[in-house]
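Chain and residue survey
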Amino acid sequence: MKRILILGENSYVGCSFASYARQNYSGSLQVDKISLRGDEWKKTNWSGYDTVLNVTGKAHADIGSLTEAEKQEYYTVNCDLACAAAKKAIAEGVGQYIYLSSIIVYGDSSNVSHPVHITKEMQPTPSNFYGDSKWQAEQKLGELFKGSKTETQLAIVRPPMIYGKGSKGNFRMLTGLAGKTPIFPNVKNERSMLYIENMAEFLCLLIKSGKGGVFLPQNENYVSTAEMVREIAMTKGKKFFLCGWLTPFVWLAGKMPGKIGGMVKKAFGSLTIDLELSRQGIDGYQKFGLRESVRRSL
């Protein structure tokens, strides 16, 4: 029986993983959760845990309208707090420390006219403070673990957009669009995405392996934004049509300055992780395809 401590007791990924592990790995994984808010967590004893899973983080909501003080909070939570928790895990002999980073460390690369494909050779190049806070955390954690000569394994996970039942962000926005419009631009973009139960299965397998390293999990296949919205609409029983004649308007809107252009680029740009790269180290976690994952999400 492996004991796991989740840092971030109310996080979407943490709660989803805990529920999934209880339902599917109750005989081999025991999960507890705590919050990193305040200082009480510093008084707890982690010496009995095999894995500490840190899913605490400040998410990138509307990063364009924040003050400098609010931006600094991203570094405090995503970087400084992650390192402080890692030091405690090392000191108390935890076997594995998992840090939930993000594909965003490669930059805001979802551009309509410039598809981005992430390979093993590609180096992180954050384009905003959110991505930089995650990348700085990765680098400082790497230095910390290397310098301490610990037996604790450091595993860094860089997932793409995560979606599933109860998820917020882009998936909720796409679900809203699918319910409001019967037509949608048939833009042929490609996106790496990760269904939450595939993510949970990945984490279970990673924990059971005890491995360290950098991991980029994703679903088995890429999906276009249009395909995702169509699948959501079909699951909802809505009439829905993909229209190629709307595509030129998307390209034009993507060239507009400001918030509108940024939203279009984010929605219709291509951002993919090499499929083989996502199977290296940990494989067999991609249990649910697009149609089944959307059905289970709704």
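Note: the structure precedes this text.
In what follows, the accompanying structure is described. (Residues numbered from 1 in each chain as written. Predicted model: local features only at pLDDT ≥ 70, side-chain atom pairs only at ≥ 80, totals over all residues. Heavy atoms only, no water.)

Spatially, E2-E1-E3-E4-E6-E10 is the arrangement adopted by the 6 strands of the open sheet, whose pairing is parallel. Single-partner strands in this sheet number two, and they are strand E2 (29-34) and strand E10 (213-215). If you compare each strand with its neighbour and ignore which way they point, the axes differ by 20 degrees on average. Two strands pair when backbone bridges link them, and strand E1 (residues 2-7) and E2 are joined in this way by 6 bridges, in the parallel orientation. Of the residues in E2, the one forming a bridge with Arg3 is Gln30. Along the sheet face, helix H2 (residues 68-91) touches E1, strand E3 (51-54) and strand E4 (96-100) and points at about 170 degrees away from the line of E4. Contacting E4 and strand E6 (153-157), helix H3 (residues 129-148) runs over the sheet at an angle of about 165 degrees to E4. (Pairing = 2+ DSSP bridges. Helix = DSSP H or I, 4+ residues; strand = E, 2+ residues; numbered from the N terminus. Axes fitted to C-alpha atoms, helices over the stretch in contact; angles between N-to-C directions. Contact = heavy atoms within 4.5 Å.)

Turning to the packing of helix H4 (residues 170-180) against helix H6 (residues 225-235), a few remarks are in order. Two elements in contact, H4 and H6, have axes separated by 9 Å at closest approach and are oriented at 60 degrees. Considering the angle they form, H4 stands oblique to H6. Relative to H6, H4 is oriented so that their crossing is right-handed. Contact residues: H4 offers Phe171, Leu174, Thr175 and Ala178, while H6 offers Thr225, Met228, Val229, Ile232 and Ala233. (Parallel < 35°, antiparallel > 145°, perpendicular 65-115°, else oblique. Left-handed = near helix turned anticlockwise from the far one by under 90°.)

The next thing to look at is the pattern of salt bridges. Applying the stated criterion across every chain, the model contains 12 salt bridges. Linking Arg3 and Asp32 is a salt bridge whose minimum nitrogen-to-oxygen distance equals 3.4 Å. With Arg3 in strand E1 and Asp32 in strand E2, this pair connects stretches of sequence that are 29 residues apart. A salt bridge links Lys58 to Glu73, with the nearest nitrogen and oxygen atoms 4.0 Å apart. With Lys58 in the loop between E3 and H2 and Glu73 in helix H2, this residue pair connects regions lying 15 residues apart in the sequence. (Salt bridge = Lys/Arg side-chain N within 4 Å of Asp/Glu carboxyl O.)

Just geometry here; none of it tells us what the structure is for.
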